[in-house]
Amino acid sequence: MPATVYVLNGPNLNLLGLREPEIYGSDTLDDIAGMLEDRARDLELDIEMRQSNHEGHLIDWMHEAQAQDARAVLLNAGAFTHTSVALHDAIRSIRTPVIEVHLSNPLTRETFRHESFVGRAARGTIAGFGALSYLLALEAAARF
Ligand code: DQA
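Every chain's residues receive numbers from 1 upward, in the order its sequence appears when written. For a predicted model such as this one, the threshold for reporting local features is a pLDDT of at least 70, and the threshold for listing and counting side-chain atom pairs is 80 or more; totals across whole chains, interfaces and linings nevertheless cover every residue. Excluding hydrogens and water, the side-chain values take into account all heavy atoms of the structure.

## Digging into the sheet that holds strand β5 (residues 124–127)
For two strands to count as paired, DSSP must find a minimum of two bridges between them. For helices the rule is a DSSP run of H or I covering at least 4 residues; for strands it is a run of E covering at least 2, with both sets numbered from the N terminus onward. One open sheet accounts for five strands, arranged β2-β1-β3-β4-β5; its pairing is parallel. Each of the sheet's edge strands pairs with one partner strand only, and the pair in question is β2 (45–51) and β5. The average angle at which neighbouring strand axes cross in this sheet is 20°, direction not considered. Inspection of the sheet shows strand β1 (residues 3–9) paired to strand β3 (residues 72–76) by five bridges, in the parallel sense. In the strand pairing of β3, L8 is matched with L75. Note on contacts: a residue pair is in contact if any heavy atoms of the two residues lie within 4.5 Å. Axis definition: a line fitted to C-alpha atoms, over the contacting stretch in the case of helices. Angles run 0 to 180 degrees between N-to-C directions. Helix α3 (residues 55–67) rests against β1, β2, β3 and β4 (98–102) of the sheet, and its axis sits at about 170° to β1.

Set out below in structure tokens:
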């Protein structure tokens, strides 16, 4: 059975495509899921794509990823990236490698986006390439 990569998306990412397209692009989360699934087929991986506006769901799903022996978690925690010690602790609490993903490059934006509690615990970070950030993160996960 192919290994699974969890792709977890945080608050407001359900509005991708409509939300500030000049920053986040015009692809919807469904478009990104489609791209990931196409590439995952070639890499012989399964994609488990989820989105929630609630911090606790993201934490529960990271625990689930470990329980399911997932290959990796790709995590775009949205604004929780910059605020959540709980997500930081969740990443440190599981053995499953977590890759931080962002469509934009938070370091080129407002200073409140420069801190990343996710990045301080993640295996690595891919940011600034729009939807391609997710695909690049999948390429990394495929090599774990
Ligand atoms: C984001 C960057 C965050 O700063 C922001 O709060 C988001 C999206 C990104 O993918 O670029 O919601 O994670």
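The structure having been displayed, the exposition proceeds.
## Points about the nonpolar core
Buried residues of nine kinds, namely Ala, Val, Leu, Ile, Met, Phe, Trp, Tyr and Cys, make up a nonpolar core once their side-chain atoms join them within 4.5 Å. Buried residues are those whose accessible area, probed at 1.4 Å on protein chains only, stays under 20% of the maximum for their type, while exposed residues exceed 50% and partly exposed ones sit between those limits. V5, L74, Y134 and L138 are the most contacted members of the largest nonpolar core, which has 23 residues in total. Taken together, the elements giving at least two residues each to this core come down to β1, α2 (29–43), β2, β3, β4 and α5 (132–142). Residues in contact with L138, not counting those within four places in the same chain, are V5, L36, R39, A40, L43, L45, I47 and L74. Grouped together as the second largest cluster of nonpolar side chains are 18 residues, M62, F80, L87 and V118 included.

## A look at the side chain of R109
On the secondary structure map, R109 appears in the loop between β4 and β5. Filtering out sequence-adjacent residues up to four positions away, R109 remains in contact with I23, Y24, S104 and H114.

## Focus on helix α4 (residues 85–93)
Along α4, the positions that sit buried rather than exposed are L87, H88, A90 and I91. For α4, the angular spread of the buried residues around the axis is 160°, confining them to a single face. Facing away from the buried side of α4 by more than 90 degrees, the exposed set consists of R92 and S93. Looking at the packing, one finds that the buried side of α4 touches α3, β3 and β4. The arc in question is the one traced by the directions running from the helix axis out to the C-beta atoms.

## Regarding the site of the ligand
The cutoff for a nearby residue is simple: one of its non-hydrogen atoms must lie within 4 Å of the molecule or strand. Residues in contact with the ligand, as listed here, are R19, Y24, N76, G78, A79, H82, H102, L103, S104 and R113. N76 is positioned such that a nitrogen or oxygen atom in its side chain is 2.7 Å from an oxygen atom of the ligand. In protein, a polar contact means a hydrogen-donor-capable atom and an acceptor-capable atom, both N or O and within 3.5 Å, with residues adjacent in sequence counting only if both atoms are side-chain atoms; elsewhere, any N or O pair within 3.5 Å suffices. Here an oxygen atom of the ligand sits 2.9 Å away from a polar atom, N or O, in the side chain of R113. Surface accessibility in these figures is a Shrake-Rupley result with a 1.4 Å probe; residues are shielded only by whichever protein chains are displayed. Burial of the ligand by the protein amounts to 99% of the accessible area it has alone, namely 320 Å². Across the shell around the ligand, the residue classes break down as three nonpolar, five polar and two charged. Amino acids are sorted into nonpolar (Ala, Val, Leu, Ile, Met, Phe, Trp, Tyr, Cys and Pro), charged (Asp, Glu, Lys and Arg) and polar (every other residue, Gly among them).

## Comments concerning the packing of α3 against α4
Put simply, α3 and α4 touch, their axes get as near as 10 Å, and they point 5° apart. Taken together, the axis directions place α3 and α4 in an arrangement best described as roughly parallel. Across the interface between the two elements, E55, L58, I59, M62, H63 and Q66 from α3 touch A86, L87, A90, I91 and S93 from α4. Grouping the constituent residues of the contact of α3 with α4 by class yields seven nonpolar, three polar and one charged. Oblique is the label for any angle not under 35 degrees, not over 145, and not in the 65 to 115 range, which are roughly parallel, roughly antiparallel and roughly perpendicular in turn.

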